[in-house]
Structures are given as structure tokens and as C-alpha cells.
Amino acid sequence: MLPTIFQQAVPVLKKLEKAGFEAYFVGGSVRDHLLGRTINDVDITTSAYPEEVKVVFHRTIDIGIEHGTVLVLEGGREYEITTFRTESAYTDYRRPDKVEFIRSLDGDLKRRDFTMNSMAMNGDGLIIDPYHGKEDIHNRLIRTVGSPEMRFTEDALRMMRAVRFVSQLGFSLEPSTLTSLREHSRLLEHIAVERKTMEFEKILAGQWKQEGLNLLVDTNLYKELPGYGAELKALADLPGLDILNKDQAWLLLLTYIGEADVQGFLKGWRLPVKMIRSRSKELEILKERKSGWTKTLLYHAGLEAALNVEKVYGCLEPSSAVSVERVMEQYRKLAISSRQELDVTGTDLMAWSGQKGGPWVKERLLEIESAIINESIPNDKEEIRRWLATCNRL
Ligand code: ATP
Ligand code: MG
């Protein structure tokens, strides 16, 4: 039986077939199905032209009609339906100058990057595999459809995609694909940073990221990525990476960047501001953590940052790191985990002292917060008031 995600989409294929067209599942979902991996989304390919797809379905959105893609809403779900197409005349090593809609499935499968991504499956689960993707999956090989030289020259991003599949699947590059990738790595310079970053993040998230990173270095692709290069080499060399998640891998990478350059380095990858802020904060915490966790450091880190920091510290200093469970336990034992939990407010302080508000309120609250975190006093309104009175701070 087909996995549920396909079963739910079968009516979409049937509707197109009933209208006289061919329609198949294609690409990543078919590959992941054969691998027994979780399927994220199912892409559909069809002989119907976009205008014809729009006649078959009631609810559609044009999301990339010039490339043949229509978004269809069916059974409460969204499906990207793309017309069979060929791509031609790549003059800039990135995008085709022209896409042409065609009526044959084989022509469409031929334009796809790797054999494992060039399989189609009909609604009965029958797999159409003219480029022997199944066999390559069986042998855990990533092989371009047709000449690697041509395919990498047409679109240099495919080289990054090859490496990210190594990191996600633990496959190897078929020898002539690898040789060609080495020869053409320079072409990656023509690809927009944002697209390289998207693939690089998938490399960092992969279960086999060590292999992926080593391959980036080994093929010289890393020289066409933002940054200085040395940090990527250092990261690839460090054992034990595979247990890190993407954020932790970024953090580890930052430890190899000179302090003054961290912001510029992250901006060079065009990463979101929020992500830049989180990693920069974690980097500061990591530096302090080297002399051990204190209650104050844990409190100011917050649980998520503390766990990221400890995981990375564990890669850098395996003998002196503590377990993530230990950090969690220490964190749970903190008297408070955020300022909102303080049993006093600025209004209380003003009422007790009879003074007007001003910078002193914030200062006093910080002192109270620190005393509570260090367990000099309990987080209890009356106790806090007594403590303030004894130290003449009211
Ligand atoms: P993921 O599971 O990460 O989404 P995917 O294989 O589905 O992996 P997508 O980027 O979603 O990757 O692309 C969908 C399909 O489109 C691929 O499986 C492949 O057949 C084709 N494809 C994507 N990018 C390229 C490219 N640069 N050159 C040729 N074919 C491509
Ligand atoms: Mg996909």
C-alpha cells in the first residue's frame, strides 16, 4: 500500500487522467518513498499545459506559470502541479533561458538533476525509471542524468545539491560525477548567495554532515561559498559533528571566525537577523561557559541556548563537557527562569519606598533578580522587602 500522503493525492492524478492527460508523482517524494524516508511534500508532473490544469481543478493559484507550475487546492491540501517540460540554452550557469512544455514524460525526467530524482510513479504505485534511479538508490550512489559535465555547466547549483544529498542520505558520488564536480567547482561562483545558503543549511542539517562538509572541501566547492574558507575546513576536520543540529553546527562554525568578523560573516550568508542574533548570543555564552556553568550564566542563556552551547562545547572539549541532561537538570533547579517570574514589580518598589519611578527601579530589580538567581534570597515578596530594608535599599 502506498503511504498515506500519496493516497490522499491519488484523486488529483485521477482527475487529470480522466480529463485525458498523464499525471505522476515525481522527484523527491518518489525517491524518499523508495528509501523509506519521511515524505515532506508530493510534487506532481503532468502532460496537461498550465491552462488545461486550471480547467480541470476549481481552485488553483498561479505560482510559477511561466515555468509550468500551478498550485492546486484539492481535498484540503495544496499540490504543485508542473507541466512536463524541457529546459534549454543555459548561458549563465544557473537558469535555463527557455523552458518548453512538452507532452512526453521521458523528456521531463531527462532534465532532472540526479537519477534518484528522475523517477515518476503513477497512482497505482508503478515506478517509471528510465535512468535507473532505483539501481543507484540501491547502490547508494548519486549520479547525474546524462553527462555530469553538461549538467553541472547548465546549472552549477546542482553541484551543491549533490553535496547536500550526500549529507542528507549518506550516499556517495558516482566516480564520474565526482570527477566532474571537482573540475567544475569554480562555476558555483555564478550562483546567488541565497541559493547557496539554502543548500548549505541542508548540508548542516544532514545526518551525514561530516561527509558533506568534507566533500565541500575536497572538491574546492567551499571556496565559492561566503566566508574565508579556513573555518569550513576546520569544521569539516572536527570529529563528532553528526550529532549536532543545524543551529549548533552554525555555532561551531562561528568559533573559527575571528571575534570582530562574526556579524559580517553571518551577514555574508544573508541569514535572517533573528538567526544572527541567536547565534551571536550563544557564541558569547560559549566563551563564558569554558570556565564552567554558573546559575547566572544558565539563567541569562535560557534553556535552548544553553543546550546548543553545551552540545557544541562537547564537540570542542569532549573530556570536560557535561551531558545535556545535566544542563537541563541544573536549569530546572534555577529559582526563576525569567524576569516575569519575579515576585515583585517596579510598582511594588515605588510603593514601598514612596519614591517616584526612575532608573533606580530597574537597577534595584536587577539586584533582586541576581540575589534570587544566586539563592541569597527566596523569590518571595515579603522576604524581598525585608532584604531590601536590611540593606538600606528602600
Ligand atoms: P527535498 O526533499 O529536499 O525537497 P527534492 O528532490 O524534492 O528534495 P526539490 O528542490 O524540491 O528537491 O526539487 C524537486 C525535484 O526537481 C528534484 O527531485 C529534481 O527532480 C528536480 N530539480 C530540482 N532542482 C533541480 C536542478 N537544479 N536541476 C535539475 N533538476 C532539479
Ligand atoms: Mg521537494
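As the structure is a computational prediction, the values presented were derived from the model and not from experiment. (Residues numbered from 1 in each chain as written. Chains lettered and ligands numbered in written order. Predicted model: local features only at pLDDT ≥ 70, side-chain atom pairs only at ≥ 80, totals over all residues. Heavy atoms only, no water.)

## Quick word on helix H18 (residues 346-353)
Then, in step 1: Taken as a whole, H18 has its buried residues at Gly-346, Asp-348, Leu-349 and Trp-352. Projected down its long axis, H18 shows its buried positions confined to an angular sector of 160 degrees, all on one face. Summarising the geometry of H18, the exposed residues directed more than 90 degrees from the buried face are Thr-347 and Ala-351.
Then, in step 2: Buried residues in H18 make contact with helix H19 (359-373) and helix H20 (381-390).
Then, in step 3: One or two steps after H18, the chain reaches Gly-354, where phi turns positive at roughly 75 degrees. (Buried < 20%, exposed > 50% of the residue type's maximum accessible area, 1.4 Å probe, protein only. Helix = DSSP H or I, 4+ residues; strand = E, 2+ residues; numbered from the N terminus. Arc of directions from axis to C-beta. Contact = heavy atoms within 4.5 Å.)

## Brief notes about the nonpolar core
Then, in step 1: By size, the foremost hydrophobic cluster in this structure holds 108 residues, and its most contacted members are Phe-25, Phe-200, Leu-213, Leu-216 and Trp-250.
Then, in step 2: No other element matches helix H7 (residues 157-169), which puts 8 residues into this core.
Then, in step 3: Look past the residues within four positions of Trp-250 in its chain and what remains in contact with it is Phe-200, Glu-201, Leu-204, Phe-265, Leu-266, Trp-269, Leu-271, Met-275 and Arg-279.
Then, in step 4: Membership of the second largest hydrophobic core comes to 7 residues, among which are Val-26, Phe-84, Leu-105 and Ala-120. (Core = buried A, V, L, I, M, F, W, Y, C linked by side-chain atoms within 4.5 Å.)

## Thoughts on the layout of surface pockets
Then, in step 1: In this model, the largest pocket occupies a volume close to 1,500 Å³.
Then, in step 2: Lining the largest pocket are 39 residues, and of these Asp-43, Arg-111, Arg-112, Arg-161 and Arg-164 lie nearest its centre.
Then, in step 3: The set of elements that each furnish at least two residues to the lining of the largest pocket consists of helix H2 (28-35), strand E2 (43-46), strand E3 (60-64), strand E5 (77-83), strand E6 (85-88), H7 and helix H9 (193-205).
Then, in step 4: Sort the elements by how many residues they give to the lining of the largest pocket and H7 lands first, with 6 residues. (1 Å grid on protein atoms, 1.4 Å probe; cavity = no way out; pocket = protein on both sides within 12 Å on 5 of 7 lines; lining within 4 Å. Points joined across faces, edges and corners; volume = space filled by probe spheres on them.)

## Observations concerning the sheet that holds strand E1 (residues 23-26)
The pairing of strands in a sheet comes from backbone hydrogen bonds and takes either a parallel or an antiparallel form.
Then, in step 1: The strand order E3-E4-E5-E2-E1-E8-E9 describes an open sheet built from 7 strands, whose pairing is mixed. The two strands at the open ends of the sheet, each matched to only one other strand, are E3 and strand E9 (127-128).
Then, in step 2: Direction of pairing for E3 relative to strand E4 (residues 69-74): antiparallel, over a ladder of 4 bridges. The partner of Ile-61 across the bridge, within E4, is Leu-71.
Then, in step 3: Strands E1, E2, E4, E5 and strand E8 (120-121) of the sheet are contacted by helix H1 (residues 4-18), whose axis makes an angle of about 145 degrees with E1.
Then, in step 4: Of the strands in this sheet, E1, E2, E8 and E9 touch H2, which is tilted by about 60 degrees from E1. (Pairing = 2+ DSSP bridges. Axes fitted to C-alpha atoms, helices over the stretch in contact; angles between N-to-C directions.)

## Concerning the packing of aromatic side chains
Then, in step 1: Counting across every chain of the model gives 9 aromatic pairs.
Then, in step 2: Ring centres of Tyr-49 and Phe-101 lie 6.1 Å apart, and the angle between their planes is 40 degrees; on these two criteria the pair is classed as tilted. Of this pair, Tyr-49 sits in the loop between E2 and helix H3 (50-56) while Phe-101 sits in strand E7 (residues 98-101), and the two are 52 residues apart along the sequence.
Then, in step 3: According to the relative accessible area criterion, Tyr-49 is partly exposed, its value standing at 29%.
Then, in step 4: The exposure class of Phe-101 is partly exposed, given its relative accessible area of 26%.
Then, in step 5: A centroid spacing of 6.1 Å and a plane angle of 85 degrees characterise the contact between Phe-114 and Phe-165, whose relative ring orientation is edge-to-face. Of this pair, Phe-114 sits in the loop between helix H4 (105-110) and E8 while Phe-165 sits in helix H7, and the two are 51 residues apart along the sequence.
Then, in step 6: Using a relative accessible area of 0% as the deciding quantity, one classes Phe-114 as buried.
Then, in step 7: Each residue in the set Phe-200, Tyr-228, Trp-250, Phe-265 and Trp-269 is aromatic and connected to the rest through ring pairs, giving one cluster.
Then, in step 8: Positioned above the aromatic ring of Tyr-49, the side-chain terminus of Arg-103 is 3.7 Å from the ring centre. (Phe/Tyr/Trp six-rings, centres within 6.5 Å; stacked < 30°, edge-to-face > 60°. Lys NZ or Arg CZ within 6 Å of the ring centre and 35° of its normal.)

## Focus: the site of ligand 1
Then, in step 1: Near ligand 1 there are 14 residues, and of these Arg-31, Asn-117, Asp-155, Arg-158 and Arg-164 occur at the shortest range.
Then, in step 2: A distance of 3.3 Å is found between an oxygen atom of ligand 1 and a backbone nitrogen or oxygen belonging to Gly-28.
Then, in step 3: When ligand 1 is considered free in solution it has 590 Å² of accessible area, and contact with the protein chains removes 76% of it.
Then, in step 4: Here ligand 1 occupies the largest pocket.
Then, in step 5: With 4 residues, the single largest contributor to the shell around ligand 1 is H7. (Near = heavy atom within 4 Å. Polar contact = N/O pair within 3.5 Å; in protein donor to acceptor, adjacent residues only side chain to side chain. Areas by Shrake-Rupley, 256 points an atom, 1.4 Å probe, with all protein chains shown as cover. Sits in = over half its atoms within 2 Å of the grid points.)

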